Amino acid sequence: MRLATWVVPVALLIAAAPVPVRAQGLSEIETEDLRLLYRDPSQAYLVAHAGRCFENSMRFQRWLFGYVPSQKVTVLLNDFSDSGNASTAGTPRNLMLLETAPINFASRPSHLTSE
Amino acid sequence: MNWLMNHEMVHVVAVDKAARRERFFRRVFGGKVMPVAEDPESILYFYLTSPRDAAPRWYHEGIAVFIETWMAGGLGRAQGAYDEMVFRSMVLDKSRFYDPLGLASEGTKIDFQVEVNSYLYGTRFMSYIADQRSPEKLIEWVSRSDGSKAYYSSQFRQVFGQKLEDAWHDWIKWEQEFQQKNLEAIRKYPVTPYHDLSKRALGSVSRAYYDPGSQKIYAALNYPGVVAHVGAISVQDGSVQKLLDVKGPTIYAVTSLTFDPQKKTIFYTTDNHEYRDLRSLNPVTHKSRTLLKDARIGDLAFNQADGSIWGLRHFNGIVTLVRVPSPYTKWNQVYSWPYGEVAYDLDVSHDGRLLSASVAEINGKHSLQVLRTEDLLAGNVTPIAHFDFGDSLPLDFVFSPDGKYVYGSSYYTGVSNIYRYDIETGKLDALSNSETGFFRPIPREDGQLIVFRYTGEGFVPTTIEAKPTEDLGAITFLGAKIVEKYPELKKWNVGSPANVPLESMITSKGKYGLWGNIRPESAYPVVRGYKDSVAYGYRVNFSDPLSLTPMNLTASYSPDHGLPSNERMHAQFEYHRYDWRASAAYNAADFYDLFGPTKTSRRGYVFGLGYDKLLLYDQPRKLTLSVDGKFYGNLDRLPDYQNVAAPFDKLFTVRAKLKYSNLRSSLGHVDDEKGEAWQVAAQNDYANGTAFPRIWTDYDWGFALPLRHSSIWLRSSAGTAFGDRLSPFANFYFGGFGNNWVDHGPEKRYREYYSFPGVGLDDIGGKNYAKSVFEWNLPPIRFRRAGTPGFYLSWARPAVFTSGLVANMDDASVRRTVRNAGTQLDLRFSLLSRLDMTLSGGYAVAFGNNLPKHNEAMISLKIMN
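Residues numbered from 1 in each chain as written. Chains lettered and ligands numbered in written order. Predicted model: local features only at pLDDT ≥ 70, side-chain atom pairs only at ≥ 80, totals over all residues. Heavy atoms only, no water.

(A) The arrangement of the overall build of chain A in detail. When helices and strands are counted, chain A shows two helices and five strands. Reading the helices (α) and strands (β) of chain A from amino to carboxyl end gives α-β-β-α-β-β-β. Across the 115 residues that make up chain A, the buried fraction comes to 62%. In chain A, 30% of the contacts between residues at least 6 apart in sequence involve partners at least 24 apart. Of the roughly 4400 Å² of accessible surface on chain A, a fraction of 62% belongs to carbon and sulfur atoms. (Helix = DSSP H or I, 4+ residues; strand = E, 2+ residues; numbered from the N terminus. Buried < 20%, exposed > 50% of the residue type's maximum accessible area, 1.4 Å probe, protein only. Contact = heavy atoms within 4.5 Å. Areas by Shrake-Rupley, 256 points an atom, 1.4 Å probe, with all protein chains shown as cover.)

Written out as structure tokens, the structure is:
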């Protein structure tokens, strides 16, 4: 009985054994203010555009607010949704998650620009 | 991506920008402190290091939208027609304007637009302040600089010499007058009469289809109190028949929906915030089935000529026109637009020859295009007709029955009116002059149009005459007024990012590794409880930039001479890496053991390793397998049962749990309202050379009542352990609510299998058991004005329950049968705009023989939900 009682939990543990842990194939580029993470090669075509958008915006924030970042901003490109969106955290680290899907205009009946 | 980046960057600046005080405390604590429930002192450290993070959402979204709009040269929601319509409608309908407190506590929870109200109100208030006080002053308010006040509303008073609430009140008064003028401007021309088909507003509404045979409109609806669903609206009496829930609805559009009028089949999408599924629904039998899983196709349009569905697929930022032929088991690519061009709102003419689509260009311009389906299938994407809408969106254009026109809506003149585009002549005619806005037209054979009229409670199906008019009232945009008054806003236009010399700015490229990027995150003093003593210590947090590998180490000491010397030192370590968890502890202490009867601190050491595998993630359906192994040494109490002495000081435990949930709720909910959840668990305790296996299972099932947000639940559990009945390892223990006076576990602890309110903690033991809880969640009470914006009461959630428990079912001589009845009231508070707390009070009476305690009162404050 003692041996048998181990079978269920151990079998489940084996079933749960993961693929080798790694950062899901993420690549990165860094600038002075930015760490841009993306999936290579599928999102590589977006890297230059995303980097330029970031630096363009950061330049403005420095001008408008006199902003000096306390740390780099990490931007992660995702394709987990069929609707473009983003979320940001400033605590504990500067982190921005960007869904690369197009904006769903049907869900945002407002006056928007897509790019 | 450009405007998203501009918007999100404002959030980063708003939180990260530091004055001298934050710079000091960030040095003291080694960074910005994230509040964690395990150590509530971190809430204070959080405020000291990131005070502007403790501001309401309307503040953050309002300033982000305002700045994003002017960074794009005025293209954005701060100069948006939708926002104008919302506030114009509120004035027309004499709807409530929330104050800052009411907005946070109620307006963003019960209204059909929920959190979008934070964007709407926030943007409007920021714009009003810019208009009345100047954009410079607005920036002075939101910028955290040396000399500024840390708290957002204190800084408002410092900059403007007025309380924020008073300025908000002034804005509402101003807005009423501003929108009255806009309404008068619209009324300069005859306003289009309408005849409502429904007695009430239906919240968010999808594209709709009229079925003349049944005289019903099929559409997906989402309004507070009822789970989002596909419904049938009777044009005869306005009644709404619920056909089927929509899994994963979106705001405004709910789902993408189309209709096959011959076979009377509705096609719609689910998981609209994730990877969309294509499903079919029979509106008569209500039978539904999945046609394409995770197809990522939306904007559906049915081709009556060949039974195919056309749609738009989103993948990796690219929009692809696809055709899904019957029987809808595969899709074919027709055309992929280049990145930055976004097609939306498709329709196919009744004869199947033409397809219409709205297309957004990368420069923000929108157009309506009509194309031949035959050309498209041959690879030719040149439209046969094209109308440039400029900065306005051509929305929901659909073909007339004869295929000569397409009808849709646009804010072309600032107000959303219905337009008819003549495909042959290229002429665009306005068909309405609406006070609020008309949307989603359905042209009928008799010349009438079914449209959806915007109101403060959502969209109302209505009919209008389809007569061309040139008499359209034009409104004034607040954004236009501001930029006219402060032309310096034009300098905020950041222009195209294309000229940024990115290559020369790149400092490194490579693979992102987790280990190499783990850095200290923060470190701070903590207080914890160990048994009945106080321990003082320090907690250090580490993580990588994505927080995929959080790690913390806490060491503390209890200067209590009443404790044995080998129990005064405490150390705890936790590490997560994706799905893996590792932990170690020595004389584990817990903050919440400082308060109340429940103790989780334990003598001895423990090493643990855990793994969570998500076997199914199809929101709201989730199936998770969790496996944990722990080795304990020098134990004096059982790890799970504080009042049960451990007969041996060493214990090895392996636990596996398979957990499933499929729980749903409606807009404005405070709890799950329907669905099911279950778990199956197996555990093996190995002590002193003997194994004590046990298995147990839980099953919860509930349904919504016609009373708003009220539900009934049946929660059942059963389990059995193996081994000597006299050994504590071969027993389950039950008793008590289980909530501590101050707590961070689930506030509805009576739902857990080990809880049994009315009797003492762990008072009832049994080698096997069966338990059932019947629970009625009464309609919650929302509070609009109870507190201040920094600390307010949001809602009260009453519930009553009754349970039955049989332990030791296999042996009548030791069998225990108990029942109870109780009630619990939860009061939800919000602290610093983002930290939820729940104050719970409960009382239960237990019935049964030989009970050491027959009733129990409970009061508990849960820190951070």
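(B) The arrangement of the sheet that holds strand 5 (residues 95–99) of chain A in detail. Strands sit in the order 4(A)-5(A)-3(A)-2(A)-1(A)-26(B) across an open sheet of six strands; the sheet is mixed. Because the sheet does not close on itself, it has two edges, and the strands there are strand 4 (85–89) of chain A together with strand 26 (508–511) of chain B. Shown here is a sheet whose adjacent strand axes are inclined to one another by a mean of 15°, direction ignored. (Pairing = 2+ DSSP bridges. Axes fitted to C-alpha atoms, helices over the stretch in contact; angles between N-to-C directions.)

(C) Examining the pairing of strand 12 (residues 309–315) of chain B more closely. Residue and element names in this part refer to chain B. With six of seven residues buried, strand 12 is to be regarded as a mostly interior element. Bridge count for strand 11 (residues 297–302) against strand 12 is four bridges, and the pairing is antiparallel. The residue bridging A301 from the neighbouring strand is W310, located in strand 12. Here strand 11 folds back onto strand 12 in antiparallel fashion, the turn holding six residues, of which G307 has a positive phi close to 75°. Two elements, strand 12 and strand 13 (residues 318–324), share seven bridges in a ladder whose sense is antiparallel. Residue F315 lies in a different strand from strand 13, and its bridge partner there is I318.

(D) Looking closely at unusual backbone geometry. Look at the link from D40 of chain A to P41 of chain A: it is a cis peptide, with omega at 15°. With respect to the helices and strands, P41 of chain A occurs in the loop between strand 2 (34–39) and helix 2 (44–65). The omega angle of the peptide bond from Q619 of chain B to P620 of chain B is 5°, so this bond is cis rather than trans. Structurally, the position occupied by P620 of chain B is in the loop between strand 32 (605–618) and strand 33 (621–633). Its identity is not glycine, yet R296 of chain B carries a phi of approximately 65°, on the positive side. Within the secondary structure, R296 of chain B is located in the loop between strand 10 (288–292) and strand 11.

(E) Local environment of the packing of helix 7 (residues 116–133) of chain B against helix 12 (residues 478–485) of chain B. All names here are of chain B. One way to put it is that helix 7 packs onto helix 12 with a least axis distance of 9 Å and a crossing angle of 30°. Considering their axes alone, helix 7 and helix 12 lie roughly parallel with respect to each other. Crossing handedness for the pair helix 7 and helix 12: left-handed. Here R124, S127, Y128, A130, D131 and Q132 of helix 7 lie close against helix 12, whose contacting residues are L478, K481, I482 and K485. (Parallel < 35°, antiparallel > 145°, perpendicular 65-115°, else oblique. Left-handed = near helix turned anticlockwise from the far one by under 90°.)

(F) Structural detail: the interface of chain B and chain A. Taken residue by residue, the interface counts 110 residues in chain B and 91 residues in chain A. For the pairing of chain B and chain A, the buried interface totals around 8900 Å² over both sides, and the portion due to carbon and sulfur atoms is 65%. On the chain B side of the contact with chain A, M1, W3 and N316 of chain B bury the most area, a combined 8% of that side's loss. Counting the contacts that link chain B with chain A gives three salt bridges. Among the salt bridges present, the one from R296 of chain B reaches D82 of chain A, with a minimum N-O distance of 2.6 Å. On inspection of chain B and its partner chain A, the count reaches 30 residue pairs in polar contact (both at pLDDT 80 or more). Broken down by class, the residue content of the side of chain B that touches chain A amounts to 61 nonpolar, 26 polar and 23 charged. Note: strand 1 (residues 26–30) of chain A against strand 26 of chain B, four bridges, orientation antiparallel. Looking at the pairing, E28 of chain A lines up with G510 of chain B of strand 26 of chain B. (Buried area = accessible area lost by both parts, 1.4 Å probe. Salt bridge = Lys/Arg side-chain N within 4 Å of Asp/Glu carboxyl O. Polar contact = N/O pair within 3.5 Å; in protein donor to acceptor, adjacent residues only side chain to side chain. Nonpolar A, V, L, I, M, F, W, Y, C, P; charged D, E, K, R; others polar.)

(G) Quick look at the packing of aromatic side chains. Residues and elements named next belong to chain B. Applying the stated criterion across every chain, the model contains 78 aromatic pairs over all chains. Here W174 and F178 contribute two aromatic rings whose centre-to-centre distance is 4.8 Å and whose plane-to-plane angle is 15°, an arrangement assigned as stacked. Of this pair, W174 and F178 both sit in helix 10 (residues 164–186), separated by four residues, roughly a single helical turn. Accessibility assignment for this pair places W174 and F178 in one class, buried. When the centroid spacing of 5.2 Å and the interplanar angle of 50° are considered together, the rings of Y218 and F259 count as tilted. Of this pair, Y218 sits in strand 4 (residues 216–222) while F259 sits in strand 7 (residues 257–260); the two residues are 41 residues apart in sequence, bridging distant segments of the chain. When sorted by exposure, Y218 lands in the same class as F259, which is buried. A cation sits over an aromatic face here: R200 above Y223, 4.1 Å from the ring centre. Between R444 and the ring centre of Y210, over which it is positioned, the NZ or CZ distance is 4.9 Å. (Phe/Tyr/Trp six-rings, centres within 6.5 Å; stacked < 30°, edge-to-face > 60°. Lys NZ or Arg CZ within 6 Å of the ring centre and 35° of its normal.)

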